[in-house]
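# Architecture at a glance
Chain by chain, the residues:
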Number of protein chains: 2
Amino acid sequence: MKLEEKVLSSNYIHKGRVVNLRVDEVELADGRRSTREVVEHRGAVAIVPLLPDDRVLMVRQFRLPAGRELLEIPAGTLDPGEEPAACAARELREETGYAAARLTPLFCSFLAPGYSSELLHTYAAEDLYPDSANADDDEQLELVEVPLSKALKLISTGEVCDAKTICGLLMVARAKGL
Amino acid sequence: MKLEEKVLSSNYIHKGRVVNLRVDEVELADGRRSTREVVEHRGAVAIVPLLPDDRVLMVRQFRLPAGRELLEIPAGTLDPGEEPAACAARELREETGYAAARLTPLFCSFLAPGYSSELLHTYAAEDLYPDSANADDDEQLELVEVPLSKALKLISTGEVCDAKTICGLLMVARAKGL
């Protein structure tokens, strides 16, 4: 079955700091036409940083689009041209003050492929050691250590309600047989 | 630690079919100023539809923002004023041709809370029975039955690379002890 859509025209509405927005006119595989709103994003990384005894380093921050504070795993947007693994090491240092002797790719995921091009690369970070940190200028974070078993419970209670965090915690728990 | 950001001004760039885009000027908790691009989205549902023998009904569709076909669990955007559970039943019927005698909420997740307000409600759908279906006019889907154990492997190989799908599959696998 042919599913691909052909772009007939693209109209940029916004070119911004984190995202661009364009509206495409498309021809569907069966010849009908529709429009697609596409949020362009450079891509990002997320990290599950593991301290001894399966404690996870998490960050609490206010997320304006969500209108609330969220408890998440560390994450951040790729700098232009930056390799995902290098970005993961940088974001881990900036957001937690740790570096990792072992950084293991877990999986890649599109976060909202209905309208966003963002692809997220998720890593497990182990054998952590303190490293100098310089936080992003416009991010204010609270660092929290949460036992993995507790973090998993917080998914069910709704206190952890961020998709990349749920994916990352569940993948690490599965790998550890927890 | 106070983390909340105060919105000083909002400027709408786009009011569209699936998303709006606004740019806010914000005051951070420490008094500094920054801007935030916010993609407004009505919210959505995703469903993990389970047939006997732990076969998962999945959908393959072309996702223009991702530039490729993706293998996902069924999902869709809330109609204005629609309850998430009603939306889940509707999307399940539209995308798979099945209804569920048992629809269980699994978790809620913000998909990209750095720039998108989208909140996703995810359900497990069990005790499925065929129901008449009318697909969305501008969606073209291929329905696929995938054993849950195989779907989990496809996360590791990268063939399943959609965040809501990874979350949903892993939550169901965990609940079943798989």
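Everything numeric in this text was worked out from a predicted model, so none of it was measured. (Residues numbered from 1 in each chain as written. Chains lettered and ligands numbered in written order. Predicted model: local features only at pLDDT ≥ 70, side-chain atom pairs only at ≥ 80, totals over all residues.)

### Points about the overall build of chain A
The condition that has to hold: Helix and strand definitions here come from DSSP, where helices need a minimum of 4 consecutive H or I residues and strands a minimum of 2 consecutive E residues; each element is numbered from the N-terminal end. Exposure classes come from backbone-placed C-beta atoms, where a residue is buried if 20 or more other C-beta atoms lie within 10 Å of its own, exposed if 12 or fewer do, and partly exposed in between. Note on contacts: each residue gets a C-beta atom placed from the backbone, and two residues are in contact if those atoms are within 7 Å.
Tallying secondary structure elements over chain A gives 3 helices and 10 strands in all. Start at the N end of chain A and walk to the C end: the helices and strands fall as β-β-β-β-β-β-β-α-β-β-β-α-α. For chain A, the spread of C-alpha atoms along the three principal axes comes to 55 × 35 × 30 Å. Across the 178 residues that make up chain A, the buried fraction comes to 41%. For chain A, long-range pairs separated by at least 24 residues make up 58% of all intrachain contacts whose partners lie at least 6 apart in sequence.

### A few points about the interface of chain A and chain B
We count it as follows: Only Asp, Glu, Lys and Arg are considered charged in this grouping, and only Ala, Val, Leu, Ile, Met, Phe, Trp, Tyr, Cys and Pro are considered nonpolar; every other residue, Gly among them, is considered polar.
At the junction of the two partners, chain A supplies 59 residues and chain B supplies 59 residues. Elements with a contribution of two residues or more to the side of chain A that touches chain B: β1 (6-15), β2 (19-27), β3 (33-41), β5 (55-63), β6 (68-72), β8 (98-110), α2 (148-157) and α3 (163-175) of chain A. Across the side of chain A that touches chain B, the residue classes break down as 31 nonpolar, 12 polar and 16 charged.

### Considering unusual backbone geometry
All names here are of chain A. Its identity as a non-glycine residue notwithstanding, Asp 53 has a phi of 65°, on the positive side. Tracing the backbone through its elements, the reader meets Asp 53 in the loop between β4 (44-51) and β5. The exposure class assigned to Asp 53 is exposed, which follows from the 8 C-beta atoms found within 10 Å.

### A word on the nonpolar core
It is characteristic of soluble globular proteins that their nonpolar side chains tend to be buried jointly. Here is the rule: Only buried Ala, Val, Leu, Ile, Met, Phe, Trp, Tyr and Cys residues enter a nonpolar core, and they are joined through C-beta atoms within 7 Å.
If you look at the biggest cluster of nonpolar residues, it comprises 96 residues, and the most contacted ones within it are Val45(A), Ile47(A) and Val45(B). Beyond its immediate chain neighbours, meaning those up to four positions away, Ile47(A) contacts Ile73(A), Pro74(A), Ala75(A), Ala88(A), Glu91(A), Leu92(A), Tyr123(A) and Ala125(A).

### Observations concerning the relation of the copies chain A and chain B
Which entries qualify depends on this criterion: For the least-squares superposition of copies, only C-alpha atoms count, and only for residues with pLDDT at least 70 in both.
Relative to chain B, chain A is turned by 180° and slid 0.0 Å along the rotation axis, the superposed coordinates differing by an RMSD of 0.0 Å. Such a turn and shift between the copies fits a two-fold axis. Proximity to the rotation axis, assessed at the C-alpha, singles out Cys167(A) in chain A; its C-alpha lies 2.5 Å from the axis. Comparing contact sets, 100% of the residues at the interface of chain A also lie at the interface in chain B, consistent with an isologous, same-surface contact.

### Regarding the sheet that holds strand β2 (residues 19-27) of chain B
Residues and elements named next belong to chain B. Convention followed: When DSSP locates at least two bridges between a pair of strands, those strands are taken to pair. Throughout, an axis means a line fitted to C-alpha atoms (over the contacting stretch in the case of helices), and angles, computed between N-to-C directions, take values from 0 to 180 degrees.
Taken together, 3 strands build an open sheet; the order of strands is β1-β2-β3 and the sheet is antiparallel. In this open sheet, the two edge strands, each paired with only one partner strand, are β1 (6-15) and β3 (33-41). Put simply, the sheet's adjacent strands are angled 20° from each other on average, direction ignored. Two strands pair when backbone bridges link them, and β2 and β3 are joined in this way by 9 bridges, in the antiparallel orientation. The partner of Asn 20 across the bridge, within β3, is Glu 40.

### Overview of the domain arrangement of chain A
Residue and element names in this part refer to chain A. This is how it is decided: Annotation comment: domain bounds sourced from an automatic or database domain assignment.
Taken domain by domain, chain A consists of domain 1 (6-41) and domain 2 (44-175). The C-alpha centroid of domain 2 is placed 30 Å from the C-alpha centroid of domain 1. Across the contact, 6 residues belong to domain 1 and 5 residues belong to domain 2.

### Focus on the sheet that holds β3(A)
All names here are of chain A. With antiparallel pairing, the 3 strands of this open sheet are ordered in space as β1-β2-β3. Two strands close off the open sheet at either side, each with one partner strand: β1 and β3. In this sheet, adjacent strand axes meet at a mean angle of 20° when their direction is disregarded.

### Comments concerning the packing of α2(A) against α3(A)
Residues and elements named next belong to chain A. What counts, and what does not: Here roughly perpendicular refers to angles of 65 to 115 degrees, roughly parallel to angles under 35, roughly antiparallel to angles over 145, and oblique to all remaining angles. In this scheme, a crossing is called left-handed if the near helix is turned counterclockwise away from the far one by less than a right angle; it is called right-handed if the turn is clockwise.
The geometry of α2 relative to α3 is characterised by a closest axis approach of 10 Å and an angle of 135° between their N-to-C directions. Judged by the inter-axis angle, α2 sits oblique to α3. For the element pair α2 and α3, the recorded crossing hand is left-handed. On α3, the residues touching Leu 148, Ala 151, Leu 152 and Ile 155 of α2 are Ile 166, Leu 169, Val 172 and Ala 173. Taken together, the residues of the contact of α2 with α3 break down into 8 nonpolar, no polar and no charged.

### Some remarks on the environment of Ser116(A)
Take Ser116(A): it is sitting in the loop between β8 and β9 (119-130). Once the C-alpha coordinates of Ser116(A) and Arg63(A) are considered, the two residues, 53 residues apart in sequence, prove to be 18 Å apart. For Ser116(A), the contacting residues outside a window of four places in its chain are Val39(A), His41(A), Leu111(A), Pro65(B), Ala112(B) and Ser116(B).

### Here we look at helix α1 (residues 84-96) of chain B
Residue and element names in this part refer to chain B. Put simply, the rule reads: One less than the residue count of a helix, multiplied by 1.5 Å, gives the span that helix is expected to have. Throughout, the arc means that of the directions going from the helix axis to the C-beta atoms.
For α1, which comprises 13 residues, the first-to-last C-alpha distance of 18 Å matches the rise-based estimate of 18 Å (1.5 Å per residue) to within 8%. Residues Cys 87, Ala 88, Glu 91, Leu 92, Glu 95 and Thr 96 constitute the buried set of α1. Taken around the axis of α1, the buried residues stretch over an arc of 135°, which confines them to a single face. Summarising the contacts, the buried residues of α1 are in contact with β4 (44-51), β5 (55-63), β7 (75-77), β8 (98-110), β9 (119-130) and β10 (141-147). Positive phi appears at Gly 97, one or two residues downstream of α1, with a value of about 80°.

### A look at the pairing of β5(A)
Residues and elements named next belong to chain A. Where β4 meets β5, 2 bridges bridge the pair, whose relative direction is antiparallel. Residue pairing for β5: Leu 50 is matched across the bridge by Val 56. Joining the antiparallel neighbours β4 and β5 is a turn of 3 residues, in which Asp 53 adopts a positive phi near 65°. In the sheet, β5 pairs with β6 via 5 bridges, with the strands oriented antiparallel. Paired with Gln 61 across the strands is Leu 70, a residue of β6. The antiparallel hairpin formed by β5 and β6 contains 4 residues in its connecting segment, where Gly 67 sits at a positive phi of about 70°.

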